[in-house]
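# Summary of the model geometry
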Amino acid sequence: MGALLETQGRSDFWDLARKQGVEPLATDVPAWVLIDFALRGGPEAAVQIAQALSGALSASGLAFAAQTNADVYELHAFERGVRARRLVYSRDEGGWLHVEGAVQPWERAFFFDEASTSPDSDTWPDMLLDEISAEDVTRFEAARRAGDPSAVLDLLHPSSTWPLWRLCEALGVAPDAPRGRWRKPSLWARLRGR
């Protein structure tokens, strides 16, 4: 679980993040920041904090959760604190359960592995179903060129963390080096905060 937040380069970014319970792991303020969430916080915490910081910063925020052993994904995108996109996938429940909002620019990096879809590659795209018809390949290629997965979601299935790594890298974020960490406050901390 995590969140990607556009900082707008604001010097008060970490102050705003601390107010949401985020512990800084760095002092610099790059264009985008990756925040790691402890497992027991649940994806709800990542969604709430991405939305809150997106609003406070008048910027973009994206919360995500992935359970690759069960092929379950959630992505929640916010613009200025307002939900812009929600994508929920569960292999066991039949695929894409929720596809809400307009396609976002970051979806090209998430859904389409440019390295495997380049003309000189013989690698099968990681999100594309293994056995598809020639017509489906044509649909996929058209969607990839447009950067819009909407017309081919029936062919796409996230089953690894590679889409999230590509997304981080497209935003200039090191996917294995979060800049902040959120942990669910202890009962004692919550009682003291009253």
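Parameters at a glance
- Residues numbered from 1 in each chain as written.
- Predicted model: local features only at pLDDT ≥ 70, side-chain atom pairs only at ≥ 80, totals over all residues.
- Heavy atoms only, no water.
- Helix = DSSP H or I, 4+ residues; strand = E, 2+ residues; numbered from the N terminus.
- Contact = heavy atoms within 4.5 Å.
- Areas by Shrake-Rupley, 256 points an atom, 1.4 Å probe, with all protein chains shown as cover.
- Buried < 20%, exposed > 50% of the residue type's maximum accessible area, 1.4 Å probe, protein only.
- Phe/Tyr/Trp six-rings, centres within 6.5 Å; stacked < 30°, edge-to-face > 60°.
- Pairing = 2+ DSSP bridges.
- Axes fitted to C-alpha atoms, helices over the stretch in contact; angles between N-to-C directions.
- Core = buried A, V, L, I, M, F, W, Y, C linked by side-chain atoms within 4.5 Å.
- pLDDT = per-residue confidence, 0-100.
- Polar contact = N/O pair within 3.5 Å; in protein donor to acceptor, adjacent residues only side chain to side chain.
- 1 Å grid on protein atoms, 1.4 Å probe; cavity = no way out; pocket = protein on both sides within 12 Å on 5 of 7 lines; lining within 4 Å.
- Points joined across faces, edges and corners; volume = space filled by probe spheres on them.
- Nonpolar A, V, L, I, M, F, W, Y, C, P; charged D, E, K, R; others polar.

### Looking at the overall build of the chain
A tally of regular secondary structure across the chain gives six helices and eight strands. Going from the N terminus to the C terminus, the chain shows its helices and strands as β-α-β-β-α-β-β-β-β-α-α-α-β-α. Partitioning the contacts of the chain with sequence separation of at least 6, the portion at a separation of at least 24 is 61%. For the chain, the exposed area adds up to about 10100 Å²; of that, 50% sits on carbon and sulfur atoms.

### Considering helix H5 (residues 162-170)
The complete set of buried residues in H5 reads Pro163, Leu164, Arg166, Leu167 and Cys168. Where H5 is buried, its residues touch strand S1 (2-6), strand S4 (60-67), strand S5 (72-79) and helix H3 (107-111). Within two residues after H5, glycine 172 carries a phi angle of roughly 80°, on the positive side.

### Details of the packing of aromatic side chains
What the rule picks out here adds up to nine aromatic pairs. Ring centres of phenylalanine 37 and tryptophan 182 lie 5.5 Å apart, and the angle between their planes is 35°; on these two criteria the pair is classed as tilted. Of the two residues, phenylalanine 37 is situated in strand S3 (residues 32-37) and tryptophan 182 in strand S8 (residues 180-182); the sequence distance between them amounts to 145 residues. Residue tryptophan 182 is classed as buried on the basis of its relative accessible area of 9%. Seen in terms of ring centroids, tryptophan 106 and phenylalanine 110 are 6.4 Å apart; in terms of plane orientation they differ by 80°. Their pairing is edge-to-face. An identical accessibility class is assigned to tryptophan 106 and phenylalanine 110; each is buried. Through pairs of rings, three or more aromatic residues link up here, namely Tyr73, Tyr89, Trp96, Trp106, Phe110 and Phe111.

### Observations regarding the environment of valine 103
Following the sequence through the fold, valine 103 ends up in the loop between strand S7 (95-101) and H3. Note on valine 103: relative accessible area 30%, which makes it partly exposed. Taking the C-alpha atoms as reference points, valine 103 and arginine 86, separated by 17 residues in sequence, lie 9.7 Å from one another. Filtering out sequence-adjacent residues up to four positions away, valine 103 remains in contact with Arg85, Gly147, Asp148, Pro149 and Ser150.

### Here's the deal with the sheet that holds S1
One open sheet accounts for eight strands, arranged S2-S8-S3-S1-S4-S5-S6-S7; its pairing is mixed. Two strands close off the open sheet at either side, each with one partner strand: strand S2 (22-24) and S7. Within the sheet, the average angular offset between the axes of one strand and its neighbour, ignoring direction, is 15°. Strand direction decides the pairing type here: S1 and S3, joined by five bridges, are antiparallel.

### Quick notes on the nonpolar core
Nonpolar side chains tend to gather and get buried jointly when the protein is soluble and globular. Counting residues in each nonpolar core, the largest one holds 27 residues, and the members touching the most others are Leu4, Leu62, Leu75, Trp106, Phe110, Phe111 and Leu156. When contributions to this core are tallied by element, the ones reaching two or more residues are S3, S4, S5, strand S6 (82-90), H3, helix H4 (134-146) and H5. Not counting residues up to four positions away in its chain, the partners in contact with leucine 75 are Leu62, Ala63, Phe64, Arg85, Arg86, Leu87, Trp106, Phe110 and Leu164. Counting residues in each nonpolar core, the second largest holds 21 residues, with Ala3, Trp14, Phe37 and Leu57 among its members.

### Digging into the confidence of the model for the chain
Across the chain, pLDDT averages 89, with 89% of residues at or above 70. Highest mean pLDDT in the chain belongs to S6 (97); lowest belongs to helix H6 (residues 187-192) (56).

### Structural notes on the side chain of aspartate 71
If you trace the backbone, aspartate 71 turns up in the loop between S4 and S5. Looking at aspartate 71, its side chain comes within polar contact range of the side chain of arginine 91, at 3.0 Å. For aspartate 71, the contacting residues outside a window of four places in its chain are Tyr89, Ser90, Arg91, Pro158 and Ser159.

### As for the layout of surface pockets
Roughly 310 Å³ of internal volume is contained in the largest pocket. As for the largest pocket, its lining consists of 16 residues, and the residues nearest its centre are Met1, Asp36, Phe64, Leu164 and Pro175. Among the elements of the structure, S3, S4 and H5 are those that each provide at least two residues to the lining of the largest pocket. Looking at the lining of the largest pocket, its residues break down into 11 nonpolar, three polar and two charged. Quantified by volume, the second largest pocket comes out at close to 170 Å³. If you go around the second largest pocket, you meet 14 residues; those closest to its centre are Trp32, Pro105, Trp106, Leu167 and Leu171. The class makeup of the residues in the lining of the second largest pocket is 10 nonpolar, three polar and one charged.

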